[in-house]
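Structural characterization, general
These are the residues of each chain, in order.
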Amino acid sequence: LIEAASVFAESRRSYRVIHGSLTQLPNKVRNYVEENARLCKPDTIHICDGSERENEMLTYVLRKDGMLKKLHKYDNCWLARTDPADVARVERLTYISTPLKRDTVPTPKYGAKSQLGNWMDPEDMDNELNMRFPDCMKGRTMFVIPFSMGPVGSSLSKIGIQLTDSAYVVASMRIMTRMGEQVLGALGDGNFIKCLHSVGCPLPLTSPLHNNWPCYPKMTIIAHLPHKNEIHSFGSGYGGNSLLGKKCLALRLGSNLGKEEGWLAEHMLILGLENLDTGKKRYIAAAFPSACGKTNLAMMTPSLPNYKVTCVGDDIAWMRFDENGVLRAINPEAGFFGVAPGTSMKTNPIAMNTCLSNTIFTNVAETSDGGVFWEGLESEVDPNVRIRSWLGDEDWKKDNSDRPAAHPNSRFCTPAAQCPIMDPLWEDPKGVPIDAIVFGGRRPKGVPLVYESFSWQHGVFIGASMRSESTAAAEHKAKMIMHDPFAMRPFFGYNFGDYLKHWLNMGEKPDVHLPKIFHVNWFRKDADNKFIWPGFGENSRVLDWIVRRCDGEDIAKRTPIGLVPQQDTLNLAGLETPVDMEELFSLPKEFWQNEVNAIYKYFDEQVNEDLPHDIMHELHSLEARIQDE
Ligand code: GTP
Ligand code: MN
Ligand code: MN
C-alpha cells in the first residue's frame, strides 16, 4: 500500500528535477523542498551545488533572459538593472509574526504606530502567505540553495535552505554566503532555517516586465516567523529583500536566536587595527545605520602611516563571550553588498580593487567601453566614454540631466575573499576578540566627532538613543533625522525593550572583559552645509584615539555627554586641509536639550513600558549633566 501511495504521489508530481537529486538530500531538506514544490508548482527544480560550472550556466540563462549584461571591461563582472519599482528594502512591508505581539514590538503609547517593527498575527500571516505562494513559480525553476552563515561547520554558524525562483538570487547568494554541496554535508540530519522566496511572477506573464526584471511590488511581503525559524519573501528580487541569509536570517532571526542562546547579532562591521610601531593589534566592531559608512570604515586605508586596517566584515557581526570572558565576533557573510555611489579610488580604493572581477553590479550606470559609473567617479572616468544611466538614458550627462546616473542605493556584490586587506583571521571559526564597540550616524548638527561612554550601561544607552539622517537604503524619501537605535531599527527580530535588557545583561556577566563603547559622527556640517571632517582614511585618527583609550591612556576629558579627546590628543599630524576642531567638538547646550527631549519622547511613546529602568536612569542623568553644565 505504501508503495502504491508513493507511486501515486510520484505521478501527481508536476515538476522535473533538472540538477542534483532529491533522494540525496537530507530527509528534512527533501521534505521542505517537496512541500514547497507542491505549493509553488515550479516546472523544474535545480538543487544548487555551488560549482563554477553551475554558475556559468546560471549567468548564461540570466544573460539570455536580459537580466544580466556582461561588463567587458572587467573579468566576470555583470550588470543587473531592476524594475525601477524594486530598488531598496521595503521596511513597511517587512513583518515579524509571533503569537504574542509584545514578543515582537513594544506597545506604543497613545495608540501610536510602532516604529520598531511590524507585527502580524500568525493567522493573518497565514492568510497573507496563502494569497501569494500557491502556484507562484509556475513555468519557472525552483532553485534549492543550501547556505551557511559563518564558516561551514563552525559551532557559531547557522545553516539555511533558501528556495527561490530567481537565478539572480542564486548568483548573488553564491557570493554573499558559503553555498552549495559542502553545506548539506555539514547539516546532515540537523535543523535549518527555512527560507522561501519568490519574485511572484509565474509564467506566462500577465503584464510586461520592466528591464526584464520580474517582481510584484504591489504584493511584496517579507515575513519572519521566529517561532518556526521560517522566512517567507514574496514579490521583490532586490538584495535586502531576496538574499535571505543577510538581513532576514543573520539579523532578524539571528537576533532572536542570539537572545535565546546568549549572544548578539548586530548590524556591525568588524575591523582589525594594527599599530605598525608596536605590533599591537585590536579589533573593533561598529554599528552605523544603512549607508552611513560601515563598508568604508571596514576597508579603510589609514592616513596615519603607522596603522594598518584589515577587514573581517562590513555589515553584520555575530558576537559572544568565550570561556575566557572575551567577546568574540564572526562575520556570518562571505561577500560585500556595498553601496556603489561615493565609492572611488579616492574614498575607498580597496573596495574599487575588490570589485573589478566576479562582481554583480545592480542599478549602476554603464560606460560605452563596458565599464561602470556612478556618482563619485566623475574624475576617474575616461572623459571620452558615453554613459548610460541606470534608467537607460543614453549619453547621460551630469549637466543636462536632473536624475543621477546610478540609483543612490545601487550596489556591488563581490566576494570578500577578493578584498586585498581581509584579516588573516576573518574565517576563523572562533571569531576575533573585540576591544571596542562604536556607534555612529549621520548627524549634520550638534554631535561631536567622537565620544566615549562612561560605562557599559551608559554605552547601551548611547546605542539606544542613536539617531541618523535617512538615506536611500530604504524607501524613506525626505532627508530627516530618524531614531535608529543600534542601527538595528529595520532589523530587530524581537521587542526592542527585551533587546536592551539582553545588552544590559551582557554587561553583568561575571568575569567578562567588556569592550569600551564609543560614538562617532563623520557627517557634521558647517554653516555652508559642508562636511567639517574629511572622513574616510582620516577616520584612522579617531580609531587611533579609540585604541589608545582601550590601552588606558589618559587622553580623555569629561563632558556632559561623555568623554572626548583632551586638547591635542587627537593625532592631526599631516592632515591636509585644516579642520575647525572647535566647531567639530562643540556641544551646543540648546541642541542637547532638544536631543534629550526627542529621546524622552521616543522612549516614552515607542518603547513605553518595555524600556528598562537603567536606560531611563541614564537619560535622566544625561539631562541633569547638560542642565548643570
Ligand atoms: P549599508 O551597506 O547599507 O549597511 O551601508 P554602510 O554603512 O556600509 O555605508 P557605506 O560605507 O557604503 O557608506 C555609504 C555612503 O557614505 C557612501 O556614499 C560613502 O561614500 C559615504 N561615506 C562613508 N564614509 C564616509 C566618511 O567618512 N565621510 C563622508 N563624508 N562620507 C562617507
Ligand atoms: Mn547594512
Ligand atoms: Mn555596507
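Rules of the game
- Residues numbered from 1 in each chain as written.
- Chains lettered and ligands numbered in written order.
- Predicted model: local features only at pLDDT ≥ 70, side-chain atom pairs only at ≥ 80, totals over all residues.
- Heavy atoms only, no water.
- Helix = DSSP H or I, 4+ residues; strand = E, 2+ residues; numbered from the N terminus.
- Rg over C-alpha atoms; globule rule 2.2 N^0.38 Å.
- Buried < 20%, exposed > 50% of the residue type's maximum accessible area, 1.4 Å probe, protein only.
- Contact = heavy atoms within 4.5 Å.
- Axes fitted to C-alpha atoms, helices over the stretch in contact; angles between N-to-C directions.
- Left-handed = near helix turned anticlockwise from the far one by under 90°.
- Polar contact = N/O pair within 3.5 Å; in protein donor to acceptor, adjacent residues only side chain to side chain.
- Donors = N, O, S within 2.8 Å, 3.2 Å for Na, K, Ca; no water.
- Pairing = 2+ DSSP bridges.
- UniProt positions renumbered as here; feature names shortened; annotations may be inferred.
- Near = heavy atom within 4 Å.
- Areas by Shrake-Rupley, 256 points an atom, 1.4 Å probe, with all protein chains shown as cover.
- Nonpolar A, V, L, I, M, F, W, Y, C, P; charged D, E, K, R; others polar.
- Salt bridge = Lys/Arg side-chain N within 4 Å of Asp/Glu carboxyl O.
- Phe/Tyr/Trp six-rings, centres within 6.5 Å; stacked < 30°, edge-to-face > 60°.
- Lys NZ or Arg CZ within 6 Å of the ring centre and 35° of its normal.

Looking up the protein in an unreviewed UniProt entry gives the name phosphoenolpyruvate carboxykinase (GTP), with the organism given as Elysia crispata.

With that settled, the discussion passes to the overall build of the protein. When helices and strands are tallied, the protein shows 16 helices and 32 strands. Expected size for 629 residues packed as a compact globule is a radius of gyration near 25 Å; at 24 Å, the protein falls within 12% of this value. Across its three principal axes, the protein shows a C-alpha extent of roughly 80 × 60 × 50 Å. Buried positions account for 61% of the 629 residues belonging to the protein. Across the protein, contacts joining residues at least 24 apart in sequence account for 74% of those joining residues at least 6 apart.

Here the focus is the packing of helix H3 (residues 52-64) against helix H5 (residues 167-176). Contact geometry of H3 with H5 gives a least axis separation of 9 Å together with a crossing angle of 145°. When the axes of H3 and H5 are compared, the crossing they make is left-handed. Seen from H3, the contacting residues are Glu52, Asn55, Leu58 and Leu62; seen from H5, they are Ala167, Tyr168, Val170, Ala171 and Arg174.

Let us look at helix H12 (residues 496-506). Among the eleven residues of H12, eight are classified as buried, and the element is accordingly described as predominantly covered. Capping the start of H12 is the job of one residue whose side-chain oxygen sits 2.6 Å from the backbone nitrogen of Gly497: Asn495.

Only Lys247 (NZ), His267 (NE2) and Asp315 (OD) from the protein reach the manganese ion (ligand 2) as donors, at distances of 2.2 to 2.3 Å. A separation of 5.1 Å is found between the manganese ion (ligand 2) and the manganese ion (ligand 3). You can see Lys247 sitting in helix H8 (residues 245-261) and its partner His267 sitting in the loop between strand E13 (264-266) and strand E14 (269-275), a full 20 residues away along the chain. The buried category is assigned to His267, whose relative accessible area is 0%.

It is worth spelling out the sheet that holds strand E17 (residues 317-321) at this point. If you trace the four strands from one edge of the open sheet to the other, you get E13-E17-E18-E25, paired in antiparallel fashion. At either margin of the open sheet sits one strand with a lone partner, and together these are E13 and strand E25 (432-433). Two elements, E17 and strand E18 (residues 327-330), share four bridges in a ladder whose sense is antiparallel. Looking across to E18, one finds that Arg320 is bridged to Arg328. Of the strands in this sheet, E13 and E17 touch H8, which is tilted by about 160° from E13.

As recorded in UniProt, the sites labelled "domain: Phosphoenolpyruvate carboxykinase GTP-utilising N-terminal" (unreviewed entry) are residues 31-258. Summarising residues 31-258: 29% helix, 21% strand, and an end-to-end C-alpha distance of 27 Å.

In E18, alternate side chains face the same way, and those of Leu327 and Ala329 on one face and Arg328 and Ile330 on the other are all buried. The antiparallel pairing of E17 with E18 creates a hairpin that spans five residues between the two strands, and Gly325 there sits at a positive phi of about 75°.

Before going further, it helps to spend a moment on the site of ligand 1. Residues in contact with ligand 1 amount to 21 residues; listed here are only the nearest, Ala291, Lys294, Thr295, Asn296 and Arg411. A distance of 3.0 Å separates an oxygen atom of ligand 1 from a polar atom in the side chain of Asp315. Protein contacts shield 92% of the accessible area of ligand 1, which totals 660 Å² for the unbound molecule. Sorting elements by how many residues they give to the shell around ligand 1 places helix H9 (residues 294-298) first, with three residues. Class assignment for the residues of the shell around ligand 1 results in nine nonpolar, eight polar and four charged.

This paragraph deals with the pattern of salt bridges. Two side chains bearing opposite charge may form a pair once their charged atoms approach each other closely. Taken as a whole, this structure holds 36 salt bridges when the rule is applied. One salt bridge in this structure joins Lys138 and Asp135, with 3.8 Å as the shortest N-O distance. Its relative accessible area of 29% is what places Asp135 among the partly exposed residues. Two residues, Asp435 and Arg282, come together in a salt bridge whose shortest N-O distance is 3.1 Å. Taken together, the positions of Asp435 in the loop between E25 and strand E26 (436-440) and Arg282 in strand E15 (residues 281-287) put the pair 153 residues apart, joining distant regions of the chain. Through salt bridges with shared partners, a single ionic network connects Lys246, Lys247, Lys294, Asp315 and Glu333.

In this section: the sheet that holds strand E24 (residues 411-415). Across the sheet, five strands lie side by side as E3-E4-E20-E24-E19; this open sheet has mixed pairing. Edge positions in the sheet fall to strand E3 (69-70) and strand E19 (335-339), since each of these pairs with one other strand and no more. Inspection of the sheet shows strand E4 (residues 78-80) paired to strand E20 (residues 360-362) by three bridges, in the parallel sense. Within the sheet, the bridge partner assigned to Ala80 lies in E20 and is Thr362.

Another aspect to go through is the pairing of strand E10 (residues 193-198). Across the six residues of E10, five count as buried, placing the element largely inside the fold. With five bridges joining them, strand E8 (residues 158-164) and E10 adopt parallel strand pairing. Note that in E10 the partner of Thr164 across the bridge is His197. As judged from the five bridges shared by E10 and strand E12 (residues 230-234), these two strands associate in the parallel manner. Within the sheet, the bridge partner assigned to His197 lies in E12 and is Ser233.

Below, the discussion takes up the packing of aromatic side chains. A full pass over the atoms with the stated rule returns 24 aromatic pairs. Taking 6.4 Å as the distance between ring centres and 80° as the angle between the ring planes, the aromatic pair formed by Phe461 and Phe603 counts as edge-to-face. You can see Phe461 sitting in helix H11 (residues 456-464) and its partner Phe603 sitting in helix H15 (residues 589-607), a full 142 residues away along the chain. The buried category is assigned to Phe603, whose relative accessible area is 1%. Here the aromatic residues Phe439, Trp456, Phe486, Phe492, Tyr494, Phe496, Tyr499 and Trp503 are joined through ring pairs into a cluster of three or more. Across the ring face of Phe523, the terminal group of Arg442 is positioned such that the distance to the ring centre comes to 4.2 Å.

In this structure, the amide linkage connecting Leu203 to the following residue, Pro204, adopts the cis form with an omega of -5°. Mapping Pro204 onto the fold places it in the loop between E10 and strand E11 (221-225).

Within the element layout of this structure, Phe336 appears in strand E19. Given the relative accessible area of 0%, Phe336 is considered buried. As a C-alpha pair, Phe336 and Asp315 span 21 residues in sequence and 7.9 Å in three-dimensional space. Those residues in contact with Phe336 that sit more than four places away from it in its chain are Met176, Met299, Cys311, Asp314, Thr354, Phe412, Cys413, Thr414, Ala416, Cys419 and Met422.

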